[in-house]
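Read off the chains here:
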Amino acid sequence: AILGIFTFFISLSVMDPPDTFVERGWMEEGIKPALWGGLFVNLVLATAGGVLGLAIGVILAFGRQSKLPIFKWPSTLLIEVVRAGQMVAWLYFAKYLLQDVIVPYSDADAIMRTLMMFAFFGGVYTAEILRGGIQSIRSGQIEAATALGLNPNQIKMTVILPNSVRTTLPSLVSLLIGLWKDTTLIFIIGIFDFFKIAKDLNTSDLEFALDILEPLYMAAFVFWIIAFYLSRISLGIEKKLGLRSSTGGEMT
């Protein structure tokens, strides 16, 4: 997990280094996100939904569970609005409408706006999954943490969050796999991801004009093998945490 997070941010900074680094000569000028393409785009978007989505989901989950209206109602409103819409609808929103909303604050291109949308879309579903985990935590654990002198924030980060992530790990991995497969939808807004390249590959040469299915089969296999690998990683983590045995609590 740590390696995935590290790789995600390093990849973004290497592909498109900050202007400050380029001006000081620390890094060369990179490739603007608008020119990104291929499997890299799918990997970045899926990772954004998992990495950034987890951070957004934690904030929204605790915000929705809060008793303070200033945190509870905005979190609930954002979750319900984003979750009620389809991914396709939000992709069109990111492509055509989000630009007008963020223009005064950012000049993010289509891929970066899509990345933001994947992060929020993954975040709201992560929030609901974590909320179920938070509600399943026994009050005795919170009372014990309070008796030890932990403040509310320490209880959230050291007791509630680790336990909720542990119990909801299968659902979180299923969400990540779903986001990985949803990245194929970005071809409808004109982004040259791996699926769109496979779809249009036969038009690059008249000799292969009729070979429509072969590139699509290859793309499907690549998406399947990565999704399968994620599921195996999840099963390995669950086994180490004891989630697949009756003595899981003692193992943890």
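Anyway, here's the lowdown on the structure attached to this text. This structure is a prediction, so every number in the text was calculated from the model and none was measured.

Each value, and the rule that gives it
Residues numbered from 1 in each chain as written. Predicted model: local features only at pLDDT ≥ 70, side-chain atom pairs only at ≥ 80, totals over all residues. Heavy atoms only, no water. Helix = DSSP H or I, 4+ residues; strand = E, 2+ residues; numbered from the N terminus. Buried < 20%, exposed > 50% of the residue type's maximum accessible area, 1.4 Å probe, protein only. Areas by Shrake-Rupley, 256 points an atom, 1.4 Å probe, with all protein chains shown as cover. Lys, Arg positive; Asp, Glu negative; His and termini not counted. Charge placed at Lys NZ, Arg CZ, Asp CG, Glu CD. Salt bridge = Lys/Arg side-chain N within 4 Å of Asp/Glu carboxyl O. Patch = residues over 30% accessible without salt bridge, like charges linked within 9 Å, V, L, I, M, F, W, Y side chains within 5 Å. Core = buried A, V, L, I, M, F, W, Y, C linked by side-chain atoms within 4.5 Å. Contact = heavy atoms within 4.5 Å. Expected span 1.5 Å × (residues − 1). Bend = angle between axes of the 7 residues up to and from the residue. Phe/Tyr/Trp six-rings, centres within 6.5 Å; stacked < 30°, edge-to-face > 60°. Axes fitted to C-alpha atoms, helices over the stretch in contact; angles between N-to-C directions. Parallel < 35°, antiparallel > 145°, perpendicular 65-115°, else oblique. Nonpolar A, V, L, I, M, F, W, Y, C, P; charged D, E, K, R; others polar. Polar contact = N/O pair within 3.5 Å; in protein donor to acceptor, adjacent residues only side chain to side chain.

Observations concerning the overall build of the protein chain
- Looking only at helices and strands, one finds twelve helices and zero strands in the protein chain.
- Listed by position from the N terminus, the elements making up the protein chain come as α-α-α-α-α-α-α-α-α-α-α-α.
- For the protein chain, the spread of C-alpha atoms along the principal axes amounts to about 70 × 45 × 40 Å.
- Sorting the 252 residues of the protein chain into buried and exposed places 35% on the buried side.
- With an accessible surface of roughly 15,100 Å², the protein chain has 66% of that area assigned to carbon and sulfur atoms.
- For the protein chain, the distance from the average position of its 19 positive side-chain charges to the average position of its 20 negative side-chain charges is 15 Å.

As for the pattern of salt bridges
- According to the stated counting rule, one finds eight salt bridges in the structure shown.
- Salt-bridge contacts for lysine 32 lead to aspartate 16; the nearest nitrogen and oxygen are separated by 3.8 Å. Linking lysine 32 in the loop between α2 (19-23) and α3 (39-65) with aspartate 16 in the loop between α1 (2-15) and α2, this pair joins segments that are 16 residues apart in sequence.
- A salt bridge links glutamate 80 to arginine 64; its shortest N-O distance comes to 3.0 Å. Placement of glutamate 80 in helix α4 (residues 69-84) and of arginine 64 in helix α3 is noted, with a sequence separation of 16 residues between them.
- Assessed through its relative accessible area of 32%, glutamate 80 is described here as partly exposed.
- By relative accessible area, arginine 64 is classed as buried at 13%.

Observations concerning a negative patch on the surface
- Taken together, the side chains of Asp205, Glu207, Asp211 and Glu214 define an acidic patch exposed on the protein surface.
- With respect to the secondary-structure elements, glutamate 207 resides in the loop between α10 (194-200) and α11 (213-241).

Examining the nonpolar core
- Counting 44 residues, the largest nonpolar core has Phe8, Val41, Leu115, Phe118 and Ile186 as the members making the most contacts within it.
- Breaking this core down by element, the ones donating at least two residues are α1, α3, α4, α5 (87-102), α6 (110-135), α8 (152-167) and α9 (169-182).
- Other than its neighbours up to four places away in sequence, isoleucine 186 contacts Val41, Leu45, Leu91, Thr114, Phe118, Ile191 and Asp193.
- Ranked by size, the runner-up nonpolar core spans seven residues in total, among them Val173, Trp180, Phe223 and Ala227.

Description of the side chain of lysine 196
- Within the element layout of this structure, lysine 196 appears in helix α10.
- For lysine 196, a relative accessible area of 15% corresponds to the buried category.
- Beyond its immediate sequence surroundings of up to four residues, lysine 196 is in contact with Phe187 and Ile191.

Some thoughts on α5
- With 16 residues, α5 extends only 20 Å from end C-alpha to end C-alpha; this falls clearly short of the ideal 22 Å at 1.5 Å per step.
- The principal kink in α5, of about 50 degrees, is found at alanine 94.
- Looking at the packing, one finds that the buried side of α5 touches α4, α6 and α9.

Digging into the packing of aromatic side chains
- Counted under the stated rule, the structure contains eleven aromatic pairs.
- Consider the rings of phenylalanine 194 and phenylalanine 223, whose centres lie 6.2 Å apart with planes at 55 degrees: the pair is tilted. Of this pair, phenylalanine 194 sits in helix α10 while phenylalanine 223 sits in helix α11, and the two are 29 residues apart along the sequence.
- Overall, phenylalanine 194 belongs to the partly exposed group, its relative accessible area being 22%.

Thoughts on a nonpolar patch on the surface
- On the surface, Met218, Phe221, Trp224, Ile225 and Phe228 cluster together to form a nonpolar patch covering roughly 530 Å² of accessible area.
- Mapped onto the secondary structure, phenylalanine 228 falls in helix α11.

Quick look at the packing of α9 against α11
- Relative orientation of the contacting elements α9 and α11 amounts to 170 degrees, with a least axis distance of 10 Å. For the element pair α9 / α11, the angle class is roughly antiparallel. Residues Leu169, Pro170, Val173, Leu176, Ile177 and Trp180 of α9 touch α11, and the partners they reach there are Phe223, Ile226, Ala227, Leu230, Ser231, Ser234, Ile237, Glu238 and Leu241.
- Across the contact of α9 with α11, the residue classes tally to twelve nonpolar, two polar and one charged.

A word on the environment of lysine 95
- Looking at the element boundaries, lysine 95 is found in helix α5.
- On the basis of relative accessible area, lysine 95 is assigned to the partly exposed category, the value being 25%.
- For the pair lysine 95 and methionine 112, spaced 17 residues apart in the sequence, the C-alpha separation amounts to 9.8 Å.
- Beyond its immediate stretch of four places on either side in the chain, lysine 95 contacts Ala110, Arg113 and Ile189.
- A distance of 3.4 Å separates a polar atom in the side chain of lysine 95 from the backbone oxygen of isoleucine 189.

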